[in-house]
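Structure at a glance
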Amino acid sequence: MSHLATINEFVLRFANVNGSGSASANGLIAKSFFRMGLPVGPKNIFPSNIQGLPTWFEIRVSEAGYTARRGSVDLMIAMNAETFLQDIASVETGGYLLYDSSKPLSHDARRDDIHYLGVPLTALAVEKFSNPRQRLLFKNIMYAGVLGALLQIETEVMEALIAEQFRGKEKLIQPNVDALHMGRDYALENLNCPLPFHAQRRDAVGDRILIDGNAAAGLGAVYAGATVAAWYPITPSTSLVDAFTRYCRKYRVDADSGRNNYAVIQAEDELSAIGMVIGASWNGARAFTATSGPGVSLMGEFLGLAYYAEIPAVLFDIQRVGPSTGMPTRTQQSDLLAGAYAPHRDPKHVLLLPATPQECFDMAVQAFDLAERLQTPVIVMSDLDLGMNDTLSAPFVWDDHYTPDRGKVASAAQLDEGFEFFRYLDVDGDAIPYRTYPGTHQSKGSFFTRGSGHDRYGKYTEEGAKYQDNLDRLRRKFDTAADRVPGPEIGIVGKGSRTGLIYFGTTAEPMREALDQLVAQDIAVDTLRLRAFPFCQAVWDFIADHDRVLVVEQNRDAQMKSLLCIEGGVDPARLVPLLHYDGMPGLDQES
C-alpha cells in the first residue's frame, strides 16, 4: 500500500456531530498551522439545525498558498457513526483514517487502499472524566492531541491557543491541556508518528491575518462611520451585525458619559429593517442592514423606494443557497439578478463584489461613500463561504486622513447665499442632484420625499414626459456610477490569447490555483475579475478583444452572464458559462 508523503501540503477533514463541541478543537488545529507560518484554508460545512445532524470541517495546509478546497482528503478524522462509510469513501488512496477504536470496525468499513489509525478516545475519556459532558468535550481535545503527534504540530503553539481561548476562565485551561497531552501521548506510544505527510514550521504567512469576511465587513462599517444597524437575524449574515456590535462596544462608547454613539436595532422582520435604514440614512446617519436572499426579497419594495426617492442605503447580502429557504448553511452566488434589479419596474442597484476579507473591509467603506455620493442603495454581495469561514488576508490598511464622502448636500450657508435648490434637478451634468438634511434651514431647502411620480423639481406628476425625464436622469446616474465603482482586475498573459475568463467573488480562491495549472500546461488565458456592477468600459473592451469568454460563477442560471448580456448587448454565444452550484465552496479542479 502506498503512503502519501508531502511536507506542508495536505488536506484534513473532520466528520463530527453538530453541537458536540468539536468546532473549538477543529479550529485549534487550523490556527496551530497558521501560527506555525503555514497558509491554511479552513472550511466549516455545517447543517442548518442547532444540534444532531452531521457537520464537517476541512483544513487545507499548503505552503504554496493554495487555500481552495482540493476535493480529496489525505486524513479523515471520522467521529460521526452516521456518516462513517461516506467519510471512509472520501479518503484518497494511500490516505489515512483516524477513528475511535473503543468499538471494533465493521467489515464494510474496511478499505484495502488506506491506512487506519485507531485510538480508543471514548474509553480514554471515560477512564479520565466522570462528567458525561466533559467526556464529550475533552474527547475532541484528545483527538487534537493525537493530530498534534501525527502531524508534528508544535505542542507549545497548541497550548498557547488553549490559554487564549479560555482567557478569563483559567480553571478550564489545565484540564484542556491535560486532555491534549492524553491524546498526544497515546499517539506517540501506539502509532507511527509523524505521518509521512506532516507540518514543518515555515514563514509562508508573513504579515497576513486569519479572519472571516463578516467580521471584516463589520469592522469596515465602523471605520466608515456607520452609526445605525437595523436587521433581522438570518444565516449567514447574523455574524456581520454581531461583529459590528462588538466593535462598536469597543470603539463607539463615549469615554466621559458612557453613552453609546451607535444604535443596533433588531427589527420584527426584514421589511422593517430596511425601512429603518432608509429612515436613518434620510436623516443623515450612515446606516446599513445585513441579510441573505430571502431577506432581499422581502426588502424589495423599500429598495425600490430608496432608488426612486434617491436615499442612500447600504445592504450586505451574504448569499446562500436558494430558492426559497434552500440550504441556509451552504454557499452560492445566486442573488445577482435579484440584487441588481430589485424589486421591479426598472431600478438598477450598485453591487460590490468582494473576494477577500480585505475587500469586505474596504468595500464596506466604499459602499457608504458610493451610497451617499450617488444617493442610492449599494449592495455588497458577499456569500457564506467568504462571510463565515476564516480566510488568509492581507492586513487592513487605513488612511487616517480619510474623510467620508457625503455627496452633494446643500448647507444652510449655501441656501442663504441663494443656491436654488430643487431636489431632483441635475445642475452639473452627472445626473446626481443635491439633497439637504432635515432641519438644515428653517425656511429653505425642504422637499417632499416620495416614491410616486415626480418631476425634476420634486413636484408630484403623472405626466409621462416629466416622469420619463426623471427616469432617464436616473439611468444617466447609473452611467456615472460605472466610473466610480471599483474597477476590474485584468490579467493579460501577453501571448495573444483569444480566450478570456471572467470571474468574481469567492471564485477567486480556486481560480489562482486553476490558472497556475493552465500556465503549467502552456495554456494561455486572459482573465478579468469583476469587482462591481455597473460594469465600466474596460469590461466591454475585454469581451470585445476575445473570441470566447468563459464566465465562472456559483449559480444554476448563469446570472452574471445574463447581466453582461443585458447591460452590454453582448452576443450570448460568445460567453460560455462555467457553473458550480451544489452549495459547497468551489474546487480548484472545477475552476
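Residues numbered from 1 in each chain as written. Predicted model: local features only at pLDDT ≥ 70, side-chain atom pairs only at ≥ 80, totals over all residues. Heavy atoms only, no water.

So, about the overall build of the protein chain. Helix and strand counts for the protein chain come out as 18 helices and 20 strands. Expected size for 591 residues packed as a compact globule is a radius of gyration near 25 Å; at 27 Å, the protein chain falls within 12% of this value. Across its three principal axes, the protein chain shows a C-alpha extent of roughly 85 × 65 × 40 Å. Here the protein chain, with 591 residues, has 55% of them falling under the buried criterion. (Helix = DSSP H or I, 4+ residues; strand = E, 2+ residues; numbered from the N terminus. Rg over C-alpha atoms; globule rule 2.2 N^0.38 Å. Buried < 20%, exposed > 50% of the residue type's maximum accessible area, 1.4 Å probe, protein only.)

Taken as a class, soluble globular proteins show a tendency for nonpolar side chains to be buried jointly. Core analysis: the biggest nonpolar cluster contains 86 residues, and Phe288, Phe316, Leu352, Ile502, Leu530, Met560 and Leu564 have the highest contact counts within it. Counting residues in each nonpolar core, the second largest holds 54 residues, with Val40, Ile162, Ala179 and Leu191 among its members. (Core = buried A, V, L, I, M, F, W, Y, C linked by side-chain atoms within 4.5 Å.)

Here we take up helix H16 (residues 508-520). Taking 1.5 Å of rise per residue, 13 residues should cover 18 Å, and H16 covers 19 Å from first to last C-alpha, within 8% of that figure. Turning to H16, its buried residues number three or more, namely Ala508, Pro510, Met511, Glu513, Ala514 and Leu515. Where the residues of H16 are buried, they touch strand S3 (54-62), strand S16 (499-504), strand S17 (526-530) and strand S19 (548-553). Looking one or two places after H16, you find Asp522, whose phi comes out positive at around 60°. (Expected span 1.5 Å × (residues − 1). Contact = heavy atoms within 4.5 Å.)

In this section: the packing of aromatic side chains. Summed over the entire model, instances satisfying the criterion amount to 23 aromatic pairs. With a centroid separation of 6.2 Å and an interplanar angle of 80°, the aromatic rings of Tyr99 and Tyr116 are classed as edge-to-face. On the criterion of sequence distance, the pair formed by Tyr99 in strand S5 (residues 91-100) and Tyr116 in strand S6 (residues 115-119) is long-range, its members being 17 residues apart. Both residues of the pair, Tyr99 and Tyr116, belong to the buried class. Pairwise contacts between aromatic rings join Tyr223, Phe361, Phe396, Trp398 and Tyr402 into one cluster. Here Arg110 stacks its cationic end above the ring of Tyr116, 4.9 Å away from the centre of that ring. Between Arg246 and the ring centre of Tyr247, over which it is positioned, the NZ or CZ distance is 5.3 Å. (Phe/Tyr/Trp six-rings, centres within 6.5 Å; stacked < 30°, edge-to-face > 60°. Lys NZ or Arg CZ within 6 Å of the ring centre and 35° of its normal.)

With that out of the way, let us pick up the environment of Arg60. Within the secondary structure, Arg60 is located in strand S3. Exposure remark for Arg60: the relative accessible area of 7% places this residue in the buried category. Distance from Arg60 to Phe396, taken between C-alpha atoms, is 24 Å for residues 336 residues apart in sequence. A polar contact is formed between the side chain of Arg60 and the backbone oxygen of Ala68, at a distance of 2.9 Å. Polar contacts involving the side chain of Arg60 include one to the side chain of Glu513, which spans 2.8 Å. (Polar contact = N/O pair within 3.5 Å; in protein donor to acceptor, adjacent residues only side chain to side chain.)

Attention shifts here to the pattern of salt bridges. In total, this model carries 30 salt bridges according to the counting rule given. The salt bridge involving Arg406 is made with Glu372; its shortest N-O contact spans 2.5 Å. In this pair, Arg406 is assigned in the loop between strand S14 (391-393) and helix H14 (412-416) and Glu372 in helix H12 (residues 357-374), connecting sequence segments 34 residues apart. On the basis of relative accessibility, which here comes to 28%, the residue Arg406 falls in the partly exposed class. (Salt bridge = Lys/Arg side-chain N within 4 Å of Asp/Glu carboxyl O.)

Among the 10 residues of helix H18 (residues 559-568), seven are classified as buried, and the element is accordingly described as predominantly covered. Three or more residues of H18 are buried, namely Gln559, Met560, Lys561, Leu563, Leu564, Cys565 and Glu567. Just past H18, the residue Gly569 takes up positive phi, approximately 65°.

What follows concerns unusual backbone geometry. The omega torsion of the bond from Cys193 to Pro194 falls at -5°, within 30 degrees of zero and hence cis. By secondary structure assignment, the location of Pro194 is in the loop between helix H6 (173-190) and strand S7 (209-211). In this structure, Gln152 is a non-glycine residue whose phi angle is positive, near 60°. For Gln152, the position within the fold is in the loop between helix H4 (132-151) and helix H5 (155-165). Judged by relative accessible area, which is 37%, Gln152 ranks as partly exposed. Its identity as a non-glycine residue notwithstanding, Ala431 has a phi of 75°, on the positive side. Looking at the secondary structure, you find Ala431 in the loop between H14 and helix H15 (464-482). The class for Ala431 is buried, based on a relative accessible area of 1%.

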